[in-house]
Structures are given as structure tokens and as C-alpha cells.
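# Structural characterization, general
Now for the letters of each chain:
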Amino acid sequence: MRRAGRLAGLVLKEISRLMNPGVTTKDLDVRAEKMIRDAGAVPTFLGYCGYPASICASLNDEVVHGIPHPKRVLKEGDIVSIDVGVTLDGFVGDTAGTFPVGRVSEEARRLLETTRRSLEKGMEQARVGRRLGDVSSAIQVCAESAGFSVVRDYSGHGIGRQMHEGPSIPNFGAAGTGIRLEEGLVLALEPMINQSDWKVKVLGDGWTVVTRDGGLSAHFEHTVAVTSDGPEILTSV
Ligand code: MF3
Ligand code: CO
Ligand code: CO
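Residues numbered from 1 in each chain as written. Chains lettered and ligands numbered in written order. Predicted model: local features only at pLDDT ≥ 70, side-chain atom pairs only at ≥ 80, totals over all residues. Heavy atoms only, no water.

## Focus on the site of ligand 1
Surveying the vicinity of ligand 1 reveals 13 residues, the closest of which are Phe 45, Asp 94, His 164, Glu 190 and Glu 221. In the model, a nitrogen atom of ligand 1 is placed 3.1 Å from a nitrogen or oxygen of the Asp 83 side chain. His 164 is positioned such that a nitrogen or oxygen atom in its side chain is 2.7 Å from an oxygen atom of ligand 1. Protein contacts shield 96% of the accessible area of ligand 1, which totals 330 Å² for the unbound molecule. (Near = heavy atom within 4 Å. Polar contact = N/O pair within 3.5 Å; in protein donor to acceptor, adjacent residues only side chain to side chain. Areas by Shrake-Rupley, 256 points an atom, 1.4 Å probe, with all protein chains shown as cover.)

## So, the layout of surface pockets
In this structure, the largest pocket occupies an estimated 340 Å³ of space. Lining of the largest pocket is provided by 19 residues; of these, Tyr 48, His 65, Asp 83, Met 163 and His 164 occupy positions nearest its centre. Grouping the amino acids of the lining of the largest pocket by side-chain chemistry returns 10 nonpolar, five polar and four charged. Empty space within the second largest pocket amounts to approximately 260 Å³. As for the second largest pocket, its lining consists of 18 residues, and the residues nearest its centre are Leu 12, Ala 96, Arg 116, Phe 220 and His 222. Looking at the lining of the second largest pocket, the elements that each hand over two or more residues are α1 (2-16), β5 (91-100) and α3 (106-124). Of the residues contributing to the lining of the second largest pocket, the split by class is seven nonpolar, seven polar and four charged. (1 Å grid on protein atoms, 1.4 Å probe; cavity = no way out; pocket = protein on both sides within 12 Å on 5 of 7 lines; lining within 4 Å. Points joined across faces, edges and corners; volume = space filled by probe spheres on them. Nonpolar A, V, L, I, M, F, W, Y, C, P; charged D, E, K, R; others polar. Helix = DSSP H or I, 4+ residues; strand = E, 2+ residues; numbered from the N terminus.)

## Topic: the pairing of strand β2 (residues 55-59)
When you tally the buried positions in β2, you get five out of five residues, the bulk of the element. Where burial is concerned, the two faces of β2 agree: the one with Ile 55, Ala 57 and Leu 59 and the one with Cys 56 and Ser 58 are both buried. In this sheet, strand β4 (residues 79-88) lies alongside β2 in antiparallel orientation, the contact comprising five bridges. When the bridges of β4 are listed, Cys 56 appears paired with Asp 83. (Buried < 20%, exposed > 50% of the residue type's maximum accessible area, 1.4 Å probe, protein only. Pairing = 2+ DSSP bridges.)

## Examining the coordination of the cobalt ion (ligand 3)
Ideal values differ by geometry: the angle at a metal is 109.5 degrees with four tetrahedral donors, but 90 or 180 degrees with six octahedral donors. Protein coordination at the cobalt ion (ligand 3): the donors are Asp 94 (OD), His 157 (NE2), Glu 190 (OE) and Glu 221 (OE), at 2.0 to 2.2 Å from the metal. Considering all six donor atoms around the cobalt ion (ligand 3), the spread of angles at the metal, 53 to 174 degrees, places the coordination shape in the irregular class. Within one chain, the residues donating to the cobalt ion (ligand 3) are spaced in sequence as D-x62-H-x32-E-x30-E. Between the cobalt ion (ligand 3) and the cobalt ion (ligand 2) the interatomic distance comes to 3.2 Å, and Asp 94 is a ligand of both metals. Here Asp 94, found in strand β5, pairs with Glu 221, found in the loop between β13 (217-219) and β14 (222-227); they are 127 residues apart in sequence, far enough to count as distant. Pair check on accessibility: Asp 94 and Glu 221 agree, each one buried. (Donors = N, O, S within 2.8 Å, 3.2 Å for Na, K, Ca; no water. Tetrahedral: all angles 85-135°; square planar, octahedral: opposite > 155°, others 65-115°.)

## Focus: the pairing of β4
Counting buried positions along β4 yields nine of 10 residues, so the element is predominantly enclosed. Where strand β1 (residues 42-43) lies against β4, two bridges are found, and the strand directions are antiparallel. Counted as the bridge partner of Pro 43 is Val 86 from β4. Turn length for the β4-β5 hairpin, with the two strands adjacent in sequence and antiparallel, is two residues, and the turn residue Asp 89 shows positive phi of about 50 degrees.

## Examining the pattern of salt bridges
Scanning all chains against the criterion turns up 14 salt bridges. Linking Arg 116 and Glu 113 is a salt bridge whose minimum nitrogen-to-oxygen distance equals 3.3 Å. Of this pair, Arg 116 and Glu 113 both sit in helix α3, three residues apart, which is roughly one turn of that helix. Overall, the relative accessible area of 37% leaves Glu 113 in the partly exposed class. In this structure, the salt-bridge partner of Arg 127 is Glu 124, at a minimum N-O distance of 3.1 Å. On the accessibility criterion, Arg 127 (26% relative accessible area) is partly exposed. (Salt bridge = Lys/Arg side-chain N within 4 Å of Asp/Glu carboxyl O.)

## Considerations on the coordination of the cobalt ion (ligand 2)
For the cobalt ion (ligand 2), the full set of protein donor atoms is Asp 83 (OD), Asp 83 (OD), Asp 94 (OD) and Glu 221 (OE), and the range of their distances to it is 2.0 to 2.4 Å. Relative to the metal, the six donor atoms surrounding the cobalt ion (ligand 2) lie at angles of 58 to 163 degrees, and the coordination shape comes out irregular. Sequence positions of the residues that donate to the cobalt ion (ligand 2) give the spacing D-x10-D-x126-E. A relative accessible area of 1% places Glu 221 in the buried class.

This is the structure:
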């Protein structure tokens, strides 16, 4: 899982360097798929429940699961959420981040930083003996105290030989509730935070999730192992 996580992290980092006006989301997908296959891994998302690409690329009011497309061109001021999953030697790494294209609004920057920080607060709770609700609550408190809202319809998840394993990890909840975390558990923590209202809907393509009110949304994700030495972030590079 360390190796799969590291590769996913490297791919996300490489894709984040390509966030320039004029680049299409399909360009990003092609680059990611090549990098994953060159490393001897398989893009986990491709064919997952029929998903047609190797990464998700979600712009502005798109929350998650945006499908890369050759006509979707990045422009200055956009924020772009990229989600990468790789399967390497039978184990999965899953990581995401939201990146600015050129200069973005102050509010957009604050949303990105807050979502990144809420993931950090959640990961900090991924410790032996803490409860799942401690993770959820830490994420929620961070996002909401900055004036943003937590998407309810999608959650983090356990991860291992499959991308989505138990337990499901909502990005909201009460501290001191839920299962106790044990050594060896690996979690994909992934706050999806909206600028204004948390309500979302799925577009007619059956995949793209957007905010109902058209506000911006951000998404950060790491694969994190619960170890006797504390949280180990497998997808950081
Ligand atoms: N990687 C996403 C998650 O974080 C799931 C993507 S599903 C796909 O859980 F089908 F779009 F690939
Ligand atoms: Co993901
Ligand atoms: Co995930």
C-alpha cells in the first residue's frame, strides 16, 4: 500500500504541474494514464462501475467525478479538482487535490486552503484508539468554522485491495462516536467542501457531481494508514 500510495501521489503532483490555460482535461487524463502504466500499475477508475477515464477532473462548481473531455479547456481563474487512483501489485492508492489555474479569486484560494486544512485535521485524528467520529468531526469543524459547508452525499472510505472498502467515513459527525480505529486500518479521507450550500446533484452524464447553487467546490484526499506511530500518509510525496 505504501508503493501504490506513493505512485498515486507522484501522478497527482505531476498533473498539478500541468494546470495551465489552454490545457484540456483530456490532456491531463492521457498524461496520468501513461504515467500510471509506465510504472507497471493500472488506473483504478478506468472501467470502475463503467467510469470511462483514468482520472476525475472537476472544474469550479463541479464537486467530484468530472469526466475528462478534449473540449474542456482550462482557463485562468478556474479551480480544478483532480482525483487519481492506481492499483499496483494488487493494492490501491487514492488521492486528490484542487489546484488553481493561474490567478484565482481570494475566496477560491480560501476555499482551497480550508479544504486542505480540514483534511489535515481529519488525518491528525487517524490514530489507534480514536473513533471514526473524531475524524469526521475534525473535518467538519474546520470547514464550517471558515464559513463553508460539507457535502453530505459522498464520504471517505476504507481502502486496501479494493478502492472502496469499509468503513464509510462521512466528512461530518460527532466526536466520541463510531468505531474505534485499530492499527493497520487504512483510510481514504476526502473532504468535499462547498463555498455556500452543501447540496449537490448529478448531471445527465451520470457521473459529474455539481453544487446545486452553482458555488465553487474543493476536494482533497489522502490515503492514510493508522499505525502504532500515528497517522502515516501513504499518498504524500
Ligand atoms: N476516487 C474516488 C474516491 O475518492 C472514486 C472515483 S470513482 C470513479 O473515492 F468511478 F469515478 F472512478
Ligand atoms: Co479519490
Ligand atoms: Co476515495
